[in-house]
Amino acid sequence: MLSTTLGLDLGVTSVGWSLLRLTSNNNEPDLSAEIVASGVRIFPATTEGTKSTPKNWSRRTSRGARRLLRRKRERRTNLRELLTQHNLLPKFEADDSVEFDKLGDPFSLRVRGLEEKLDNFEIGRSIFHIAKRRGFLSNRKSGKSKDDGVVLGGIAKLKTDLETHNFKTLGQFLNTQDKKRGLYTAREMVENEFEQFWSAQSKFKSEILTDALKSKIKYIVFYQRPIKSQRGLIGKCGFETDKKRCDMARQSAQRFRYWQDLNNLKIQDRKTLNWRELTLEEKLILAEKLEKTKEVKFESIPKLLKLRDDVRFNLSSGKEKMFGNKTGVAFRGVLKTAWDDLGEDKQERLVEEMFRIESEVSLTKRLKEFWNVNDLQIEKLLKLQLEEGYSRLSLKAINKILPLLKEGKRYDQAATEIYGDHRKIADSEAFEKLPLPPQDLRNPIVSKALHELRKVVNAIIRQYGKPDEIRLEMARDLKMTVIQKENFQKQQGKNKTANEEAAEFYKKKFGLENVSGFDKLKYRLWLESGEMCPYTGETIPPEMLLSDQIDIEHIIPYSRCFDDSYMNKTICTATFNRDVKKNKTPYELFSGDEQKYFELIQRIEFFPIAKRKKFEMKGVDEVDWVGRLLSDTRYICREARAYLRQLYPYSVDENKYVQVVAGGSTALLRHSWGLNSILAAGDVDLKNRTDHRHHAIDAIVIALTTRGLFQKISKLAGQNRDKMRRVLKGMEMPWESFLDDAADSINSIIVSHAPIRRVRGELLAATAYGGTNDEGVYTTRKSVEYFTNQKQIEKIIDSGVRELVKNRLEEFGGDAKKAYSNPLFHKDGKTKIETVRIYEKMSRETVVPIYDKYGKPYKYYALGGNHHVEIYENSDGDREAKLVPRFYAAKKILDAKKEGKSPSPIIGREDDDWRFLFSLCPNDYIEFLGDDGTLRIYRVQKMSIGPKVIARLLNDAGSDYISGVSLNIEGKNGFKKIIRKLQVSPLGHLDRAND
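Residues numbered from 1 in each chain as written. Predicted model: local features only at pLDDT ≥ 70, side-chain atom pairs only at ≥ 80, totals over all residues. Heavy atoms only, no water.

Q: Which parts of the structure should I look at to understand the overall build of the protein?
A: The secondary structure content of the protein amounts to 37 helices and 28 strands. Residues counted as buried form 42% of the 995 residues belonging to the protein. Excluding contacts between residues fewer than 6 apart, the proportion of contacts in the protein whose partners are at least 24 apart in sequence is 65%. (Helix = DSSP H or I, 4+ residues; strand = E, 2+ residues; numbered from the N terminus. Buried < 20%, exposed > 50% of the residue type's maximum accessible area, 1.4 Å probe, protein only. Contact = heavy atoms within 4.5 Å.)

See below:
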């Protein structure tokens, strides 16, 4: 039977495809197969370099920091103006610290003001100082991240210190401390001090300190905007399409989950090997247990149901327990019998209020006044962490299906009885071409990949028709061998035992019942490091584990490798981690002091070898990024499978039209069939990743990997990997001329790159520069570690600092790493030199001034990047190129919109003798006439000042510029050699129409 199969190799920045026409015989291709066409589509990453953060993450984070600073500044300005208006502060032009200091020591004033009469300005100074650091206010989303745990731990410690030493206010405590900053404080502490201070002083100044003024001050200082609701991002129910998915914290969702498990649970008799479902009576016994406990382990079920100990459960292979009604158990643990007395309706109402009301103050008031809960119970309820996430169904759908589940029906049976086809797929819903991808995908990597996949698949359908089958590669390993599986299970067991030991330790030592995963991890790392900080060698007493004095630290900084695994974590004193190590690797930190580095390596001698290697790693480039890429690719493939399924009608066999192939089998078959030789750059057995067309080779293999072939490979992999390789080595070609046909198809490919024409990205560089009286000279600050040679040191403005930096560098023979491994201090010997002010020379054309309200420039920014190059030609045939920075392209579009014109980033030029030919953006294609008279196709990679265009030979994917592959185009003669700009379709078809 003649059919077409489309193979797809999906990645985070690429789509490789190959369309095969073959005659199937029992799902195996025969000699009449042919490769219709192959191709590759490359598109830009939505993340920053090798990091997993979105490209706008840095900009968004900086904007958020600026917003916080602006709001803080506005609060202080508004408060200062209000206090000045009521004669509680003198008139200042700004928050002048010198003028404020003349009013007295604020800490002393805050203490005296609790009992003594202060004059007006002293009162204002005290209130302003109290308001400057208003403390942390929980939004009830805290306590889940590492940072939140540190904050709450610091607050708890501070509260204990206040109670232990009988301090009435935070100000009293701070007045006794040498270090008054860097502490974590709670908003309630600051509000409490304000109330006491106001109450004491209003007795002496009742005519000024009125209730109306107090209300205004409290609003300015303590008001906090509520967090924007994210409810709009919740997905819709598959059945009740106008309803959102149900919160997993609801008891209905919890019961729905465990009744699904109960109805799917089967028991196997070890003697007869027969499987049977649970009786309804047995299900009810387990349901009663699951309703009153968080979880039930499979090993405890035989005793509950009075069965033999050696029975097996079908669900136990994937998990070791079933989850119960966690929500009910949590509330019952706090409210005791009062929880059951509430009844079902009131229970649901209380649960909903717990996860709907995000303000801790509002929730406390509601619990006290409406629910009549005492203070101790309120404190426990506020710390209650209900299960996160959402069910796949809405509450309305769950309430319809759950009664049938309780009757013993499986989910598919119950859903079909209520809604018909429970998978909600109908023949009429098959599309002739792919519609837009789902709009609720919150992962930008997956969203971008699906949009590009749509362009490729729809173009294939337009030209060749809809394929009969689609096969795509899933980035996952082949089946594990018995030994691999045993090792994996052993490691799981070790992790479980270690966590149980940690929980027992905290229970015995501190009386804690519920220990967070974060604290368990901290305990494990503490034991591993020999109860000391590996960096400093300081002993860490167990009492410090629950404080903010100890950090869980990433050996290779997380921001540089995004490795959050156990093998990249250790324990460390907080001060050393935050003030000394910062964003450095251990080698970078101690490379200037061989003795300290040697001592560190000695201290970690008993660490796991994988962890020791990270301490010894000399460059972050050695970090393996494959894990992140695999994770992203797996997600893409899962979504792509469901997305591509829309092209085909419903089938009982879900794999009939869209099949998934494991990535491990693709590599094996590619090698066995000798396909690596097509693009070989030396070794014919190695995959050439410097040529983008290797994605199409993978796509050919994927298209040929039938279910029968994959099952054969998977079975061999599970038995013996060496035997599998021997069998595959002797495997015949899919058809006689297969290798030649594949080579012809691959060699005809023109890789399609998605052009980058939208004006997006950084318009201006992040660093601000100050102006000077000298033309083209600006001032800025650089980290002291920036200065590695005399030329850089000469830029330092302060002559004293310049001399200190020069002497330090000379002391270590010009070795910057060793020179700055220890802090550099000013002449006073106390103040650290961290950043240095310097002069920087820049062309006026490369900076953009920022003007104040009087129209005077007060700071400058360098241009953030280039958008395109415009090519012009005059009547004599001469050509000129004009480089257009991204900032001016965006400004041109904005100005055009304001004037009601069609927006375009083309700047243009006023000379009548010059006509605009075309513009070049990254990933545009050009035909270039070389000095040897040969026309070659190049892809624009980037452009720079000159202007100069750097292009790369078609299909090349190498990371380094290779002679004959890269091309620098500049000057009149260079741009005259561009014959034409080409348009490339998603399938790689060239359009030479625009000569």
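Q: Where do I start with the packing of helix H9 (residues 251–264) against helix H17 (residues 395–406) in this structure?
A: Helix-helix packing is characterised by the crossing angle of the two axes and by the distance between the axes. Remark: H9 packs on H17, axes separated minimally by 10 Å, with the N-to-C direction vectors making an angle of 40°. For H9 against H17, the interelement crossing comes out left-handed. Residues Ser252, Ala253, Arg255, Phe256, Trp259, Gln260 and Asn263 of H9 form the contact with H17, whose own contacting residues are Leu395, Ile398, Asn399, Ile401, Leu402, Leu405 and Lys406. The class makeup of the residues in the contact of H9 with H17 is 8 nonpolar, 4 polar and 2 charged. (Axes fitted to C-alpha atoms, helices over the stretch in contact; angles between N-to-C directions. Left-handed = near helix turned anticlockwise from the far one by under 90°. Nonpolar A, V, L, I, M, F, W, Y, C, P; charged D, E, K, R; others polar.)

Q: How do you make sense of the sheet that holds strand S19 (residues 857–863) when you look at a structure like this?
A: For sheets, the rule is that strands pair by backbone hydrogen bonds, running either parallel or antiparallel. Read across the open sheet, the 5 strands follow the order S17-S16-S15-S19-S18; overall the sheet is antiparallel. Edge positions in the sheet fall to strand S17 (835–841) and strand S18 (847–851), since each has one partner strand and no second. Each strand axis lies, on average, 40° off the axis of its neighbour in the sheet, ignoring direction. In terms of strand pairing, S18 meets S19 through 5 bridges, oriented antiparallel. Bridging across to S19, Val847 finds its partner in Ala862. (Pairing = 2+ DSSP bridges.)

Q: Before we go on, may I ask you to explain the packing of H9 against helix H10 (residues 280–292) in this structure?
A: It is at 10 Å that the axes of H9 and H10 come closest, and there the two elements cross at 145°. For the crossing formed where H9 meets H10, the hand is right-handed. Together, Gln251, Arg255, Tyr258, Trp259, Leu262 and Asn263 of H9 and Lys283, Leu284, Leu286, Ala287, Leu290 and Glu291 of H10 make up the contact between the two elements.

Q: How should I be thinking about a nonpolar patch on the surface in this particular structure?
A: There is a patch of nonpolar side chains on the surface, built from Leu929, Leu935 and Ile979 and spanning about 220 Å² of accessible area. Within the secondary structure layout, Leu929 lies in strand S23 (residues 925–929). Of the residues examined, Leu929 reaches a relative accessible area of 33% and is grouped as partly exposed. (Patch = residues over 30% accessible without salt bridge, like charges linked within 9 Å, V, L, I, M, F, W, Y side chains within 5 Å. Areas by Shrake-Rupley, 256 points an atom, 1.4 Å probe, with all protein chains shown as cover. Salt bridge = Lys/Arg side-chain N within 4 Å of Asp/Glu carboxyl O.)

Q: Honestly, the pairing of strand S12 (residues 569–573) in this entry has me stumped. Any pointers?
A: Along any regular strand the residues' side chains alternate between the sheet's two faces. Of all 5 residues making up S12, 5 are buried, and the element is well covered by its neighbours. Burial of the side chains of S12 extends over both faces: Lys569, Ile571 and Thr573 are buried on one face and Thr570 and Cys572 on the other. Pairing analysis gives 5 bridges linking strand S11 (residues 550–554) to S12, with the strands arranged antiparallel. The residue bridging Ile550 from the neighbouring strand is Thr573, located in S12.

Q: Can you walk me through the pairing of strand S27 (residues 978–984) in this structure?
A: Counting buried residues along S27, 5 of its 7 residues qualify, which places the element largely inside the surrounding structure. Here 4 bridges tie S23 to S27, and the two strands are oriented antiparallel to one another. Across the sheet, residue Glu927 finds its bridge partner in S27, namely Arg980. Where S27 and strand S28 (residues 990–991) come together, 2 bridges link them in antiparallel fashion. In the strand pairing of S28, Gln983 is matched with Asp991. Counted along the chain from S27 to the antiparallel partner S28, the turn is 5 residues long, and its residue Gly988 has a positive phi close to 90°.

Q: What should I look at first to understand the sheet that holds strand S25 (residues 948–953) in this one?
A: As summarised here, the arrangement of the 6 strands in space is S26-S25-S24-S23-S27-S28, forming an open sheet in which the pairing is antiparallel. Lying at the two open borders of the sheet, with one neighbouring strand each, are strand S26 (966–970) and S28.

Q: Mind showing me how you'd approach a positive patch on the surface here?
A: A contiguous patch of positive charge on the surface is contributed by Arg59, Arg60, Arg63, Arg66, Arg67, Arg758 and Arg760. With respect to the element layout, Arg59 can be found in helix H1 (residues 57–85). Accessibility expressed as a relative area gives 47% for Arg59, which makes it partly exposed. (Lys, Arg positive; Asp, Glu negative; His and termini not counted. Charge placed at Lys NZ, Arg CZ, Asp CG, Glu CD.)

Q: How should the side chain of Lys522 be read in this particular structure?
A: Secondary-structure assignment places Lys522 in helix H21 (residues 517–528). A distance of 2.9 Å separates a polar side-chain atom of Lys522 from the backbone oxygen of Leu545. Those residues in contact with Lys522 that lie beyond four places of it in its chain are Tyr506, Leu545, Ser547, Ile550, Ile552 and Ile571. (Polar contact = N/O pair within 3.5 Å; in protein donor to acceptor, adjacent residues only side chain to side chain.)

Q: Just to check I follow, could you spell out the state of the cysteines for this structure?
A: Put plainly, two cysteines are in a disulfide when a covalent bond ties their sulfur atoms together. As enumerated under the stated definition, the model contains 0 disulfides in all. Looking at Cys237, it has no disulfide partner, and the nearest cysteine sulfur is the one in Cys246, 9.7 Å off. The thiol of Cys572 is unpaired, and the distance to the nearest cysteine sulfur, on Cys533, comes to 4.0 Å. (Disulfide = S-S within 2.5 Å.)

Q: Hey, could you run me through unusual backbone geometry in this one?
A: Here the residue pair Gly946 and Pro947 is connected by a cis peptide bond, since its omega of -10° sits within 30 degrees of zero. With respect to the helices, strands and loops of the structure, Pro947 is situated in the loop between strand S24 (935–944) and S25. Phi at Glu531 takes a positive value of approximately 60°, unusual for a residue other than glycine. Within the fold, Glu531 resides in the loop between H21 and S11. Note on Glu531: relative accessible area 35%, which makes it partly exposed.

Q: Just checking my understanding: could you explain the pattern of salt bridges for this structure?
A: Where charged atoms of side chains with opposite charge meet at close range, the side chains can pair. Throughout the structure, instances matching the rule amount to 53 salt bridges. The partner of Arg410 in a salt bridge is Asp412, and the shortest N-O contact between them spans 3.2 Å. Under the relative-accessibility criterion, Arg410 is labelled partly exposed at 28%. Its salt-bridge partner being Lys981, residue Asp924 comes within 3.5 Å of it at the nearest N-O pair. Of this pair, Asp924 sits in the loop between strand S22 (914–920) and S23 while Lys981 is found in strand S27, placing the two residues 57 residues apart along the sequence. According to the relative accessible area criterion, Lys981 is buried, its value standing at 10%. When salt bridges that share partners are traced, they join Asp247, Arg250, Glu348, Glu352 and Arg356 into one network.

Q: Is there a simple way to think about the packing of aromatic side chains in this case?
A: Here the distance between the centres and the angle between the planes together describe a pair of aromatic rings. Summed over the entire model, instances satisfying the criterion amount to 29 aromatic pairs. Here Phe505 and Tyr506 contribute two aromatic rings whose centre-to-centre distance is 5.4 Å and whose plane-to-plane angle is 75°, an arrangement assigned as edge-to-face. We classify Tyr506 as buried; its relative accessible area is 0%. Centre to centre, the rings of Trp735 and Phe738 are 5.0 Å apart; their planes meet at 80°, and the pair counts as edge-to-face. (Phe/Tyr/Trp six-rings, centres within 6.5 Å; stacked < 30°, edge-to-face > 60°.)

Q: Please explain the nonpolar core as it appears in this structure.
A: The biggest cluster of nonpolar side chains holds 36 residues, and the ones touching the most others in it are Leu79 and Ile217. When residues of this core are traced back to their parent elements, those giving at least two are H1, helix H3 (106–112), helix H4 (120–132), helix H5 (146–164), helix H6 (170–175), helix H7 (187–202) and helix H8 (211–222). Residue contacts for Ile217: discarding those within four places in its chain leaves Leu79, Leu82, Leu83, Ile127, Phe194 and Trp198. Formed by 34 residues, the second largest nonpolar core is a distinct cluster that contains Leu6, Trp17, Tyr643 and Leu987. (Core = buried A, V, L, I, M, F, W, Y, C linked by side-chain atoms within 4.5 Å.)

Q: For this particular structure, what's the right way to read helix H23 (residues 574–581)?
A: The periodicity of an α-helix, 3.6 residues per turn, causes residues three or four places apart in sequence to face the same way. Inspection of H23 places Ala574, Phe576, Asn577 and Lys581 among the buried residues, and these make up the whole buried set. Elements that come into contact with the buried residues of H23 comprise S11, S12 and helix H24 (586–590). At the exit of H23 stands Lys582, carrying a positive phi of roughly 50°.

Q: I keep staring at the environment of Phe510 and nothing clicks. Help me out?
A: By the secondary structure assignment, Phe510 is in helix H20 (residues 482–510). Exposure remark for Phe510: the relative accessible area of 29% places this residue in the partly exposed category. C-alpha of Phe510 to C-alpha of Pro542: the two residues are 32 residues apart in sequence and 9.9 Å apart in space. With sequence-adjacent residues up to four places away left out, Phe510 is seen in contact with Phe505, Pro542, Glu543 and Leu546.

Q: I'm lost on the confidence of the model for the protein in this one. Help?
A: When pLDDT is low, close inspection of the predicted coordinates is not appropriate. Per-chain confidence: the protein averages 84 in pLDDT, with 86% of residues scoring 70 or above. Low pLDDT, under 50, characterises residues 621–630; the predicted model gives this stretch 13 contacts beyond four residues in sequence or across chains. Below a pLDDT of 50 lies the segment residues 959–964, which in the model reaches 8 contacts outside its immediate sequence neighbourhood of four places, other chains included. (pLDDT = per-residue confidence, 0-100.)

Q: I tried to follow the environment of Ile793 on my own but got confused; where do I start?
A: Among the secondary structure elements, Ile793 is positioned in helix H33 (residues 790–793). Owing to a relative accessible area of 1%, Ile793 belongs among the buried residues under this scheme. Separated by 45 residues in the primary sequence, Ile793 and Ile838 have C-alpha atoms spaced 8.7 Å apart. Not counting the four nearest positions on each side in its chain, Ile793 is found in contact with Phe787, Arg802, Val805, Lys806 and Leu809.

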